[in-house]
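# Fold and contact review
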Amino acid sequence: MASLQGGPTRLRTLITSPSRIGRSRRQELVFFPGPARRNGQVAARTLISKCAISRFPCRAQGTPDGSARFSAARARCPQVTRLIMKTLNDAFEHTLQDIYYAENALTKALPKMAKAAGSAHLQEALKAHLTETKEQIKLLDQVFKAIGKKAEGEKCDAIEGLIKETDGIIEEAEGAALDAMLIGAAQAVEHYEIARYGTLREWARQLGEDEAHDLLTQILDQEKATNAKLTALAVGEVNAAKPSKATAKA
Ligand SMILES: [Fe+2]
Ligand SMILES: [Fe+2]
């Protein structure tokens, strides 16, 4: 069960995350009032007292989630309706929070990848991109400032999956396979970032957020350059690496 310790922010997370929207709609109705009260969480109690969800008819009547009556009751809840993303601006802010989370998560993943890499050039490339990633977080802080919003992350399932896959590679591969797979994993991350920043900067342009557009373009160009660097490293060195004698015998 998801925690309510985040209070109102957590509520927004549950409701607005597109990848979990089906589950979120059920969760917000099923467990918000009960466990929160039992645990004595003040923030959650405050939230509930202000929220139409606490008076939700489907809870009082024990309506099973997913039923037609549940859906109809949910649709009448003004609090839920207000929080669902509806505009391009909503989409922009949410996706910006996603990539902010992703970049912060990568500052923890990249050192592990660099440490695991056998090729000195790959280690250098990953360390250099770690430095760049930290700078990108500062650029994203400027984007949030430019649009008048607080810089904050929203858990991103996509980057969590990519990082989990990378952790698996570090555990399960070695030698030439490890380096080749680490580059592949790093490029999967770069492609994800290129997709996100490409989308975000076009949304920024459409929304008239020129400063945000320029900052996001700057990051996009860095991600593209990193991807090209990794390709060159793979093609020019890592893919052609001969296995060491110890690895070959194993
Ligand atoms: Fe990045
Ligand atoms: Fe990157």
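Please read these numbers as outputs of a predicted model, since none were measured by experiment.

With that settled, the discussion passes to helix α11 (residues 175-206). Given a rise of 1.5 Å per residue, 32 residues ought to cover 46 Å, and the 47 Å separating the end C-alpha atoms of α11 matches this to within 8%. At the exit of α11 stands Gly208, carrying a positive phi of roughly 80°.

Judged by nonpolar contacts, the single largest core of 37 residues is most densely connected at Met113, Leu182, Ala186, Leu200 and Leu216. Put simply, the parts of the chain that give this core at least two residues each are α8 (88-116), α9 (120-146), α10 (157-172), α11 and α12 (210-236). With residues near it in sequence (within four places) discarded, Ala186 still touches Met113, Leu126 and Leu230.

This paragraph deals with the packing of α8 against α9. As a packed pair, α8 and α9 sit with axes 9 Å apart at the nearest point and diverge in direction by 160°. When the interaxial angle is binned, α8 and α9 end up roughly antiparallel. Crossing handedness for the pair α8 and α9: left-handed. Of the residues in α9, those in contact with Leu96, Tyr100, Glu103, Asn104, Leu106, Thr107, Leu110, Pro111, Met113 and Ala114 of α8 are Gln123, Leu126, Lys127, His129, Leu130, Thr133, Lys134, Gln136, Ile137, Leu140, Val143 and Phe144. Across the contact of α8 with α9, the residue classes break down as 13 nonpolar, six polar and three charged.

This brings us to the environment of Lys127. Topologically, Lys127 is positioned in helix α9. Overall, Lys127 belongs to the partly exposed group, with 16 C-beta atoms counted inside 10 Å.

Each value, and the rule that gives it
- Residues numbered from 1 in each chain as written.
- Chains lettered and ligands numbered in written order.
- Predicted model: local features only at pLDDT ≥ 70, side-chain atom pairs only at ≥ 80, totals over all residues.
- Helix = DSSP H or I, 4+ residues; strand = E, 2+ residues; numbered from the N terminus.
- Expected span 1.5 Å × (residues − 1).
- Core = buried A, V, L, I, M, F, W, Y, C linked by C-beta atoms within 7 Å.
- Buried ≥ 20, exposed ≤ 12 C-beta atoms within 10 Å, placed from the backbone.
- Contact = placed C-beta atoms within 7 Å.
- Axes fitted to C-alpha atoms, helices over the stretch in contact; angles between N-to-C directions.
- Parallel < 35°, antiparallel > 145°, perpendicular 65-115°, else oblique.
- Left-handed = near helix turned anticlockwise from the far one by under 90°.
- Nonpolar A, V, L, I, M, F, W, Y, C, P; charged D, E, K, R; others polar.

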